[in-house]
Structures are given as structure tokens and as C-alpha cells.
Amino acid sequence: MDPDWLPFHPHPAKPRFTPPPGAVDAHCHVFGPADKFPFAPERKYTPCDASKEQLFALRDHLGFSRNVVVQATCHGNDNRALVDALVHSEGRARGVASVGRDVSDAELQALHQAGVRGTRFNFVRRLVDFTPRAVLAEIAGRIAPLGWHVVVYFEAQDLPELWDFFTALPTTVVVDHMGRPDVTKPVDGPEFELFVKLLSEHGNIWSKVSCPERLSKSGPPALDGEQNPYRDVLPFARRLVENFPDRVLWGTDWPHPNLKNHMPDDGLLVDFIPHIAPTAELQKKLLVDNPMHLYWAD
Ligand code: 0GY
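Residues numbered from 1 in each chain as written. Predicted model: local features only at pLDDT ≥ 70, side-chain atom pairs only at ≥ 80, totals over all residues. Heavy atoms only, no water.

One recurring pattern in soluble globular proteins is that nonpolar side chains are buried together. With 85 residues, the main nonpolar core has F121, F195, V209 and W250 as its most contacted residues. What F195 contacts, discounting residues up to four positions off in sequence, is F154, L159, V175, M178, G179, S207 and L240. Counting residues in hydrophobic clusters, the runner-up holds 12 residues, among them V68, V70, V96 and V151. (Core = buried A, V, L, I, M, F, W, Y, C linked by side-chain atoms within 4.5 Å. Buried < 20%, exposed > 50% of the residue type's maximum accessible area, 1.4 Å probe, protein only. Contact = heavy atoms within 4.5 Å.)

Bringing helix α1 (residues 52-62) into the picture now. If you check which residues of α1 are buried, you get K52, L55, F56, L58, R59 and L62. When α1 is viewed along its axis, its buried side chains cluster within an angular range of 155 degrees and face the same direction. Where the residues of α1 are buried, they touch β1 (24-28), β2 (66-70), α2 (80-87), β3 (93-97) and α10 (266-271). In the stretch just after α1, G63 is the one whose phi turns positive, near 85 degrees. (Helix = DSSP H or I, 4+ residues; strand = E, 2+ residues; numbered from the N terminus. Arc of directions from axis to C-beta.)

Taken together, 15 residues lie around the ligand, and H29, Y45, T73, Y153 and H177 are the ones closest in. R214 is positioned with one of its side-chain polar atoms (N or O) 3.2 Å from an oxygen atom of the ligand. A distance of 2.7 Å separates an oxygen atom of the ligand from a polar atom in the side chain of N258. Notes on the ligand: free accessible area 340 Å², of which the protein chains cover 100%. (Near = heavy atom within 4 Å. Polar contact = N/O pair within 3.5 Å; in protein donor to acceptor, adjacent residues only side chain to side chain. Areas by Shrake-Rupley, 256 points an atom, 1.4 Å probe, with all protein chains shown as cover.)

For the rest of this paragraph, the subject is the packing of helix α4 (residues 133-143) against helix α5 (residues 159-168). Running from amino to carboxyl end, α4 crosses α5 at an angle of 35 degrees, the nearest separation of the two axes being 11 Å. In this structure, the crossing between α4 and α5 has a hand that is right-handed. Between α4 and α5, the residues in contact are R133, L136 and A137 and E161, L162 and F165, respectively. Tallied by class, residues from the contact of α4 with α5 come to 4 nonpolar, no polar and 2 charged. (Axes fitted to C-alpha atoms, helices over the stretch in contact; angles between N-to-C directions. Left-handed = near helix turned anticlockwise from the far one by under 90°. Nonpolar A, V, L, I, M, F, W, Y, C, P; charged D, E, K, R; others polar.)

Within a sheet, each strand pairs with its neighbour through backbone hydrogen bonds, oriented either parallel or antiparallel. The parallel open sheet is built from 8 strands, whose spatial order is β1-β2-β3-β4-β5-β6-β7-β8. With partners counted over all chains shown, the strands left at the sheet margins are β1 and β8 (248-249), one partner each. Of the pairings in the sheet, the one linking strand β6 (residues 173-175) to strand β7 (residues 205-208) comprises 3 bridges and is parallel in character. Residue V175 lies in a different strand from β7, and its bridge partner there is S207. In the packing of helix α6 (residues 190-201) onto the sheet, the strands contacted are β6 and β7, and the crossing angle to β7 comes to about 135 degrees. (Pairing = 2+ DSSP bridges.)

So, in C-alpha cells, the structure goes:
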């Protein structure tokens, strides 16, 4: 594990907010265990182990029913740890894999059988090496017939350059962490307006309203004494939930890779939900209806 790696919170609080029955944590990862599922040689970081058993225990502790496990870059295109988690979840986990252009149809079918329903394209430079757009477009064309979607991870300043690529994708497209806005800028400023425009103009594009702990400058309540955790992220997430209630997902992002200034209490992250989705109807769409539609339709 990297010397400055922050391990996940050992004893998260029990959330005060009770998720609706059947709630899905739609963005989380498993790491290793490294002795069984080694990390990829091309990885940009080496995390602590974070096992499927620990993930499922957290799911139960937080009052959730299901997980969507997203392949993390530290495992590259080797999806064995992900598949292991899915097949041992008793049907309560589905996944997003990473695949290369060399993936065979039989491998795609095996991933589908295990519960994979999407692939992830990562554009964050500190996490991955560059892959040509033509290669990604080819992969999107291969997974589209399976009914899978594409998850994209990028930073807000890169959206103008990525716009044409995203809007040409033939599948549903799910954006990680609201396209990583700079939350020191206004929620109605040009940067976030462009992201809202992306969703307004393209009904196949969804957003995860996740990772306040990653985006926030104000931090959790322990740092600023405020009632609302991560209050600077709140207007961004709430705007998306209220404007696109049928195309938003929420996830913990456990075990929170690459955080450097604090490790969130996952219980407090759950308590963020009623601030961004203030009605029972919005909460049910965000936590149950939308992820079930995308991941458990078949
Ligand atoms: C996240 C965020 C990060 C890492 C990864 O796959 C990954 O390595 O997604 C990050 O460092 O911002 O969603 O887990």
C-alpha cells in the first residue's frame, strides 16, 4: 500500500437517515485482497485491501440492500476481484467492468453472466494512461448489443473537449461524481451549466451525485462545525436530483481511493442523501428505481 494511503473508516456511524427498502449503493469498489487478486502492473496507486466481505458488511450496516461494484483502475482490465464479489453476492451486487479492445465475445458473455452491466472509460490523467477515442468507440460498439452502458470519469475542465465523444456514444452514459465540478465556482456558472446542458440535451446521459467528500472544500461537519456535511457540494447535487430525478444514482465510493486530507465516515455520507434528495419520492428514485432500472432490469 502507498505510504500516504488513507485506509477506509474502521467504524462508520449508523446513519440517522434510513434508506428506502431495496436501496442500492451504486458506486463502490473492491480492492484485492492482493494475495488472491494482484493489482495491475500499470496501476497508478497501490491501495489497502478492501474485500467483498467488508463491502457487504458495510452495505448491511448502512441499511442498503445492494451494491454496484465499479472496477477500479488499480486492477486495470483484470476484472477477477470484481467478478468474485458479484458471484458471491447472492444476486445483490452487479458490476461495471474495464475491458480492452482485445476482449473476446466469450469474455463479455462471461462478465454479463456474472452480473456486469457496464464498462468504464476513465479520462482522469492521474489514474490512467491515454487510450485513443477510436479504441473506446470500438469498445462501446462491442458492449452496446449486450444492453450495457458506459460509465465515464473525467474532470469538469475537460468536458468541452470530451463533449463530442460522449454525445456520440451509442449507449446510456453514466457520469461519475457529477463530472467533478469545481465547487468553489457558482452552481449556475458556465462550468456547471455546461454539465447541466449535457444532461438537458441528451436523455441518455445520467449522473452519479456521489463523492461530496472528494469534491468538497468545506469538508465534513467535524471540520467546520456545520449541520450539513459537505455544504458546498450540496447545491450541485441537489440541482441534478431535482432536474433529472430519473437519471441520477448515488454511491458511497467506498473504500474512497486516493483521498489525501480526510477519510469520510460512511454513515455521514448516507446522512447527506436527504439534503440532496429532500422528498421520499426523490429518494426512492435515486436509491431504488433508477439503479434497479439500469442494473437489475434482467
Ligand atoms: C473513484 C475515484 C477515484 C479512483 C478511481 O478507479 C479508480 O481508481 O475511480 C479517484 O481517485 O478519484 O470513483 O473511486
